[in-house]
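Summary of the model geometry
Residue strings, one per chain:
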Amino acid sequence: MGLLCRTCLLLVLALAPLGAGAWQCPRIPYSSTRNFSIPYTLPSLDASSPVQNVAVFTDSAGPAAIFVAVRNHILLASPELHLLSVLVTGPVGSAECEICRLCPAATDGPEDTDNVLLLLDPLEPWLYSCGTARHGLCYQHQLEVRDGKVAITTTRCLYSATGNRPASCPDCVASPLGTSATVVATSYASFFYLGSTVNSSVAARYSPQSVSVRRLKGTLDGFSDDFQWLTVLPQYRDNYTIHYVHSFADRDHVYFLTVQPERPGLAAYHTRLARLSTHERDLRHYRELVLDCRFESKRRRRRRRRSGEEDAERDVAYNVLQAAHTARPGTRLARDLGINDTDMVLFGAFAESWPESRVPQEDSAVCAFPLRLLNQAMEEGMEKCCGTGHQSLLRGLSFFQPAEYCPHNVNLSAPVANTSCWDQPTLIPAASHKVDLFNRHLAGILLTSIFVTALGDVTVAHLGTAEGRIFQIVLQRSSSYLLTLANFSLGEPGPVRGAMGLQSHSLFFAAGTKVWRLNVTGPGCRHFSTCQRCLRAERFMGCGWCRDGCTRRHECTGLWVQDSCPPVLTDFHPRSAPLQGRTRVTLCGMTFRSHLDPDPRHSPPGAYRVAVGRRGCTVLPEESRSHRPLPTSRRKDFVDVLVCELEPGGPTAAGGPADVVLTVEEPAGPSSFRVHGSTTLGGFIFVEPHISALHPPFGPRGGGTHISLRGTHLSAGSSWRVMVNGSECPLAGQPRQGDGAIRCTAPAASGLGAAWVALWIDGEEFPAPLPFQYRPDPFVSAIVPSCSYEGSMLTIIGTHLDSVYRAKIRFEASSVRTEATECEGSQAPERLLCHGPAFPFESKVETASGNLSVLLDGAAGRWLFRLRYYPQPEVFALEQEGGRLRLKPGDDKIEVHQLGLDAVATCMNITMMVGGRDCHPNVLKNEVTCRLPRELHLPPAGAPVEV
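Below is a short write-up of the structure. Everything numeric in this text was worked out from a predicted model, so none of it was measured. (Residues numbered from 1 in each chain as written. Predicted model: local features only at pLDDT ≥ 70, side-chain atom pairs only at ≥ 80, totals over all residues. Heavy atoms only, no water.)

**Overview of the nonpolar core**
Generally speaking, a soluble globular protein has its nonpolar side chains buried in company with each other. Defined as follows: Definition used in this section: a nonpolar core is a set of buried Ala, Val, Leu, Ile, Met, Phe, Trp, Tyr and Cys residues joined via side-chain atoms within 4.5 Å. Burial classification: accessible surface area is computed with a 1.4 Å probe over protein chains only, and a residue below 20% of its type maximum counts as buried, one above 50% as exposed, and the rest as partly exposed. Helical segments are the DSSP runs of H or I of at least four residues, strand segments are the runs of E of at least two, and each set is numbered from the N terminus. Between two residues, a contact is recorded if the distance between any of their heavy atoms is within 4.5 Å.
If you look at the biggest cluster of nonpolar residues, it comprises 58 residues, and the most contacted ones within it are L490, L587, L662 and F684. For this core, the element with the most residues is strand 44 (residues 656-665), which contributes four residues. Among residues more than four places away in sequence, those in contact with L490 are L42, G468, I470, V496, F509, A511 and W516. Counting residues in each nonpolar core, the second largest holds 34 residues, with F248, L257, Y269 and M382 among its members.

Next comes the structure, spelled out in structure tokens:
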């Protein structure tokens, strides 16, 4: 007798979660709340030639002007970028260039002037322009305000006929390879702090030197010849190139930012900060410090604590500076950086370079270096170089000066202290390390310009890209997302260069041949696509909601609001409900609440009203909280969720389509924003479910029968229960929309006979048209034969086998389990016929001993019987012509070749029929033989042989 297993099926059912695959609100991409493809038209000036430099002049009385330098011209424009005048600066030697005659005549033919420098004097209304022509000479342009407009009145050539020679040229300022400069004015003179890229060709004649400080002579005919300088030593000039990216002054120092090889002989580049003192001109206190801007993955930081863990997210060293700006931070960022909001901060736009190159990749970062901390690092570095008790350190700067070690053990408390150690240019040995403020969210983008402004307590970076776009992003320390205020195209495909500011309200960006003016508050508000995103924008942007778009006040001709938004419905579930049921409807959307806490329980009572058609829907705060989806990292998407329960429909309730209406009325509070208004979404329908069929109509009293209810609108609503004579029929998963079927597993019954079946949807009852019939429980007593192969007939013997609508068998041996195969319908209560399932044998001579499971509905579960399984035997066709065996007169023996039939002959009856008569075969090793019955008369056409 087989082994009875009553617990296996019950265990599986108990572990199956009924809520698996429950519907959830689709999340809304955060990117859908903004549309950065919205075009903006900004005031612009087309210079008709690539812009080389921009300078912004402001007068204490109010007037301002914009100077735009291009090849051979300087354009003077109003702050609104209306062209006022054009000053011709080249070609030198041409009749068009009147100011060229102020300088010594050119010995060669006409020479174009690229305006490398365009600088304003910090005290006097003077503009300086320095070009590539005539070995980098400069002009001074005196400015005056006439009738409220700025004009150039006088121009001087900053050149003296004496004192300039190829080996030493004080008036040779600009390098054709690039120069960065800052003008520092004192009460008696203006000083030019210059950083120039040089090579052996430039250095051979009239070289500007790498770093120099030059005093403008009071006679305005050039620079004093007693200037001091540092320059790259001859052996390094062609293989150690220093690129001067930016310069600026702050208090007692002037700073240069450079990109250069890490050291002579290396092809790897990094960024350095060079500092010069404004109190001395001989460069003795010249210092350099490596700036290290990087992204450090969180996984790497965790790996430090748990060694051996693989890191799929790499660290990035942003080694080449692209642009820089110094500004005071807003209070938020200052707090994040641990500094005061009065401290000056160096903001750098960095990129990762290609290996052994300074060419940047499209992978950028912004790092912030407080100047006070940089200066402190330099002083501490000099203490290590000149103080006592430190290891030997190289002074560095071997490309400027001979290599030497720091002279340690300087005793500052001695009666006569020798401080000469501090009076020599030095590379500070430690790098200043900062992490990317954007947490590598600018991967795939190459930044080319940066300007930073503090607007209230917010710090905004105005960033230009290599593709001609402007980003306006709030700076915050290592945030998991970007707070982007604007992202728009200037309409020019080239890189954005030279961001300049005007009186804290306007910015000027150059790209290609144009200059654009942009308000620091952004180009507009139309790129905010939703009301909540519009009103959540920083207040200084001046955004408000106007009908169905985000605008500024002057752009709106109707009602313009800044304090409230209506909710927005994007989806709901379910889509249909019975007329009288208490269906729970899940509402999805955005702007359901003004506060950041997504828990609806914390909203004011009565703030929400929901109606579906003419029926009210009571909001369930606890259910709304439990249905809220988990937040995702990096703020990529979101959704607001509310759950409500429909009030029962009245006796006159009718089916048909209905709108879902959500009304939110938050009271005015301390916050400047609240949710107030209604939103409507169609697509709901009230229906009348109807059961048309119950299948199968019977099953064993012990239960376990898989019942299907079919009909119309059975998947409507939010909850379903099937009852059989008052007992629950557990559902087999959630009903699927459009399936039209509800499936459950019949419970056990206390007696036999009819049992009424009803489907409850959200508390409303829908009866089945016919009852379910409980029959006596089946019992399996035996299975014959005791062996099998694929396709062989097995007979299941027992009682009440016709109580089961569907029976299956399955074979298992050596941890290999076959698919369950369905048996034939019961022909009699005592027996079932089943075909053996396929078992994967590797060879024809293999056998397997295992368990055959008989799977029947009902509490008995399944029966197990030991069984030996064989490969499927093969019987070969007769080996004569056409598959026919011709017998000679008097010959009555038949031979049929086979493979594997002899193995199953020990447990199965093997019959061989000739012409429908049994010839009682003899099964041998590889063949089956028999003799024709005497009473068999073969017809002339022959007779079939069957084994």
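**Thoughts on the side chain of D171**
We count it as follows: In this tally, Lys and Arg are treated as positive and Asp and Glu as negative; His is ignored, and so are the chain termini. Salt bridges are counted wherever a side-chain nitrogen of Lys or Arg sits within 4 Å of a carboxyl oxygen of Asp or Glu. In protein, a polar contact means a hydrogen-donor-capable atom and an acceptor-capable atom, both N or O and within 3.5 Å, with residues adjacent in sequence counting only if both atoms are side-chain atoms; elsewhere, any N or O pair within 3.5 Å suffices.
Within the fold, D171 resides in the loop between strand 11 (149-158) and strand 12 (179-185). Here D171 sits buried without a salt bridge, and the closest side chain of opposite charge, K217, lies 5.7 Å off (N-O distance). Polar side-chain contacts of D171 include one of 2.9 Å to the backbone nitrogen of S160. Here F223 takes part through its backbone nitrogen, which lies 2.7 Å from a polar atom of the side chain of D171. Each residue touching D171, except ones within four places of it in the same chain, is listed here: G136, L137, L158, Y159, S160, N164, R214, D221, G222 and F223.

**Considerations on the pattern of salt bridges**
Per the stated rule, a full pass over the model turns up 26 salt bridges. Between D282 and R284 there is a salt bridge whose closest N-O contact spans 2.7 Å. The exposure class of D282 is partly exposed, given its relative accessible area of 32%. Of the residues examined, R284 reaches a relative accessible area of 33% and is grouped as partly exposed. In this structure, the salt-bridge partner of R332 is D457, at a minimum N-O distance of 3.3 Å. Taken together, the residues span a long stretch of sequence, with R332 in helix 4 (residues 331-337) and D457 in the loop between strand 26 (447-455) and strand 27 (458-465) at a distance of 125 residues. Taken together, the shared-partner salt bridges connect R582, R584, E623 and E645 into one network.

**Some details on the sheet that holds strand 56 (residues 779-784)**
The condition is simple: What makes two strands pair is DSSP finding at least two bridges between them. Think of each axis as a best-fit line through the C-alpha atoms, taken over the contacting stretch in the case of a helix, with angles from 0 to 180 degrees between the N-to-C directions.
Read across the open sheet, the three strands follow the order 56-58-62; overall the sheet is antiparallel. Only two strands of the sheet have a single partner each, and these edge strands are strand 56 and strand 62 (831-835). Shown here is a sheet whose adjacent strand axes are inclined to one another by a mean of 25°, direction ignored. Judged from the five bridges that link them, strand 58 (residues 793-799) and strand 62 form a sheet pairing that is antiparallel. Its bridge partner being in strand 62, T795 is matched across the sheet by L833.

**Let's talk about the sheet that holds strand 12**
Pairing is antiparallel across the open sheet formed by four strands, whose spatial order is 12-13-14-15. In the strand order of this sheet, the two ends are held by strand 12 and strand 15 (228-230), each with one partner. With strand direction ignored, the average angle separating the axes of adjacent strands in the sheet is 15°. Pairing between strand 12 and strand 13 (residues 190-196): seven bridges, direction antiparallel. Bridging from a neighbouring strand, A181 pairs with L194 of strand 13.

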